[in-house]
Amino acid sequence: MSTRPNFVIFIPDQLRADALGAFGNPHVRTPNIDALAARGTTFTNAYVQHPVCSPSRAAFLTGWYPHTAGHRTLTHLLQPHEPNLLRALKDSGYHVTWAGMRGDVFAPGATEHSCHEYGFSVQPTAFFGGGDYPDGPRLFYRGLVPAEATLDADEAAIRTAEQWLSDPPEQPWVLFVPMIAPHCPFQVEEPYFSRLNRDDLPDPVPPGDPASEPRYLAAIRERYRLGEVTAAQWREVIATYYGMIERLDAQLGRVMAGVEKAGVADDTVTLFFADHGEYLGDYGIIEKWPSAMHECITRDPLIISGRGVPAGQRCDAMVELIDILPTVLEMAETTASHRHFGRSLLPLLHEPDREHREFAFTEGGYTREEEPQIESPRFPYDLKGELQHEDPTLVGRAVAVRDRDWTYVWRLYEDPELYRRAEDPHEQNNVAGTPEFAAVQERMHEAMLRWLVETGDVIPLEPDSRFPYVDLPAPQAH
């Protein structure tokens, strides 16, 4: 047995924390995720550092905030010369395997530096499955997937992981499994499509006060024609999303069974978390937004389970996903070769009631001047791209600061927001600017400024010579 654990890192895309049984959802059946939580520690106040997949993934793989090195878009990814968790593990002696291809995080050349193996040993026959989008409001909904389209990229990644686990390499190893589901389009095959009774599902969180909500919410509702969506249609989308999660849960169960069958369960740590959440009809909108700061987008379903992790724990400390990097490296008995801002969660695993962070930070959005660098996506994301290019202030840079009680959101082109979550869990009653809470707002704003200054960049660990030898001829008269 290796003194260093193996790691399974299983990462769904666009998964809300409150859509899992382990996080209190009474409708979705997630027995494998719930069992993982029962064997380990569930973090109830974990937050992502960006509301969009690629910047969020870059953050948790580096321990850097998105603004630290400019990884704030879908197309400015981690470079071969930049550090990341997988590369640190590989350099320290781990065999690193990436099952599938989902990730959207490494620029050309970086994957080769970070992994020994990558891709599919079982090839998918479809990436997102098949089907058409119904006419009407833009709901990113397809519904029932034809049976012949179910060998999609996620299923191929799981079959690849199962095949790999049938004969894993010498320990220690890392199996990195980034998934697509439950990212839209909202679609799933039977039996998952019909498992939930639509009438049993609650309605989404309604829109708040139009005078104090961020402007992009109304813009999306109008452009996507979401005001036409009936309660029954919202429940249909929610039920399909939940069906996708139940399929994902079964796939996680197969990976865990593969670990057990390989005889290495006692040597393996599993990390389960997502890159961000999903609106799913809350506030009258769907999908996500680059400057979205609501909890349904930013709160993460982080679970750590396995070797050395106490079972059945819930930890309410404020946690950021950048804390994953130092946690895994400490478990792996190695250290990062770069300065980062993560804090190891190992102390919380053994003392879950201790303080960890006072604040958790999320950032997103762009400046007006960055408008040409905003992507111009194709259908079904074309309307989203149109809004951002037509009025970049709708997607202006934003920062959310959270502590145990409060959420403060500062927006570059809009008024700030302040929410008292104990009384306003859905963050609908903006009390920013009221004299009663002026001291709270000032404290949160000061925390944001300090954070921006402290994390604005990093000095490389290796110094340069101030006076290097230059191999050029001296200036001459001509």
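No experiment lies behind these values; they were computed from the predicted model shown.

The rules behind each value
Residues numbered from 1 in each chain as written. Predicted model: local features only at pLDDT ≥ 70, side-chain atom pairs only at ≥ 80, totals over all residues. Heavy atoms only, no water. Helix = DSSP H or I, 4+ residues; strand = E, 2+ residues; numbered from the N terminus. Rg over C-alpha atoms; globule rule 2.2 N^0.38 Å. Buried < 20%, exposed > 50% of the residue type's maximum accessible area, 1.4 Å probe, protein only. Contact = heavy atoms within 4.5 Å. Lys, Arg positive; Asp, Glu negative; His and termini not counted. Charge placed at Lys NZ, Arg CZ, Asp CG, Glu CD. Axes fitted to C-alpha atoms, helices over the stretch in contact; angles between N-to-C directions. Parallel < 35°, antiparallel > 145°, perpendicular 65-115°, else oblique. Nonpolar A, V, L, I, M, F, W, Y, C, P; charged D, E, K, R; others polar. Phe/Tyr/Trp six-rings, centres within 6.5 Å; stacked < 30°, edge-to-face > 60°. Pairing = 2+ DSSP bridges. Patch = residues over 30% accessible without salt bridge, like charges linked within 9 Å, V, L, I, M, F, W, Y side chains within 5 Å. Areas by Shrake-Rupley, 256 points an atom, 1.4 Å probe, with all protein chains shown as cover. Salt bridge = Lys/Arg side-chain N within 4 Å of Asp/Glu carboxyl O.

A. Region of the structure containing the overall build of the chain. Within the chain, the secondary structure is distributed over 13 helices and 15 strands. The C-alpha atoms of the chain give a radius of gyration of 23 Å, which matches the 23 Å a tight globule of 478 residues would have. With respect to the three principal axes, the spread of C-alpha positions in the chain is 70 × 65 × 55 Å. Looking at the 478 residues of the chain, the share that counts as buried comes to 59%. Once local pairs closer than 6 in sequence are excluded, the contacts in the chain between residues at least 24 apart make up 77%. The averaged location of the 72 negative side-chain charges in the chain is 1 Å from the averaged location of its 42 positive side-chain charges.

B. Structural view of the packing of helix α6 (residues 153-165) against helix α8 (residues 231-261). At a minimum axis separation of 8 Å, α6 and α8 run at an interaxial angle of 10 degrees. With respect to α8, the element α6 is oriented roughly parallel. Residue-level contacts link Asp154, Glu155, Ile158, Arg159, Ala161, Glu162 and Leu165 of α6 to Arg247, Gln251, Arg254, Val255, Gly258 and Val259 of α8. Classifying every residue of the contact of α6 with α8 gives five nonpolar, two polar and six charged.

C. Summary view of helix α2 (residues 53-62). In terms of burial, α2 is largely enclosed, as 10 of its 10 residues are buried. Against the buried residues of α2 lie β1 (6-11), α3 (66-69), α4 (85-91), β6 (173-178) and α10 (324-331). Once α2 finishes, Gly63 follows within two positions and takes phi at roughly 75 degrees, a positive value.

D. Focus on the packing of aromatic side chains. A complete count under the given rule lists 19 aromatic pairs for this structure. A centroid spacing of 5.1 Å and a plane angle of 90 degrees characterise the contact between Trp164 and Trp173, whose relative ring orientation is edge-to-face. Across the pair, exposure class does not vary: Trp164 and Trp173 are buried alike. Their ring planes at 90 degrees and their centres at 6.1 Å tell us that Tyr279 and Tyr283 sit as a pair that is edge-to-face. For Tyr283, a relative accessible area of 4% gives the class buried. A connected cluster of aromatic rings, assembled from ring pairs, spans Tyr65, Phe341, Phe359, Phe361 and Trp451.

E. Region of the structure containing the pairing of strand β15 (residues 417-420). Here four bridges tie strand β14 (residues 406-411) to β15, and the two strands are oriented antiparallel to one another. In the strand pairing of β15, Tyr408 is matched with Leu418. As consecutive antiparallel partners, β14 and β15 are separated by five residues.

F. View of the environment of Ile303. With respect to the helices and strands, the residue Ile303 is situated in strand β9 (residues 299-306). Note: C-alpha distance between Ile303 and Thr270 (33 residues apart in sequence) is 8.1 Å. Apart from the residues within four sequence positions on either side, Ile303 is in contact with Phe23, Ile33, Leu36, Ala37, Thr41, Thr42, Thr270, Leu271 and Phe272.

G. The arrangement of a nonpolar patch on the surface in detail. Residues Met101, Tyr118 and Phe127 make up a contiguous nonpolar surface patch of roughly 290 Å² in combined accessible area. Inspection of the secondary structure assignment puts Tyr118 in strand β4 (residues 117-119).

H. Representation of the sheet that holds strand β12 (residues 360-364) in the model. Across the sheet, which stays open at both edges, the four strands sit in the order β12-β13-β14-β15 with antiparallel pairing between neighbours. Looking at which strands have only one partner, the edges of the open sheet turn out to be β12 and β15. The sheet shows a mean angle of 10 degrees between the axes of neighbouring strands, taken without regard to direction. Two strands pair when backbone bridges link them, and β12 and strand β13 (residues 398-402) are joined in this way by five bridges, in the antiparallel orientation. Paired with Phe361 across the two strands is Val401, which belongs to β13. Here helix α13 (residues 438-454) sits on the sheet in contact with β12, β13, β14 and β15, set at roughly 60 degrees to β14.

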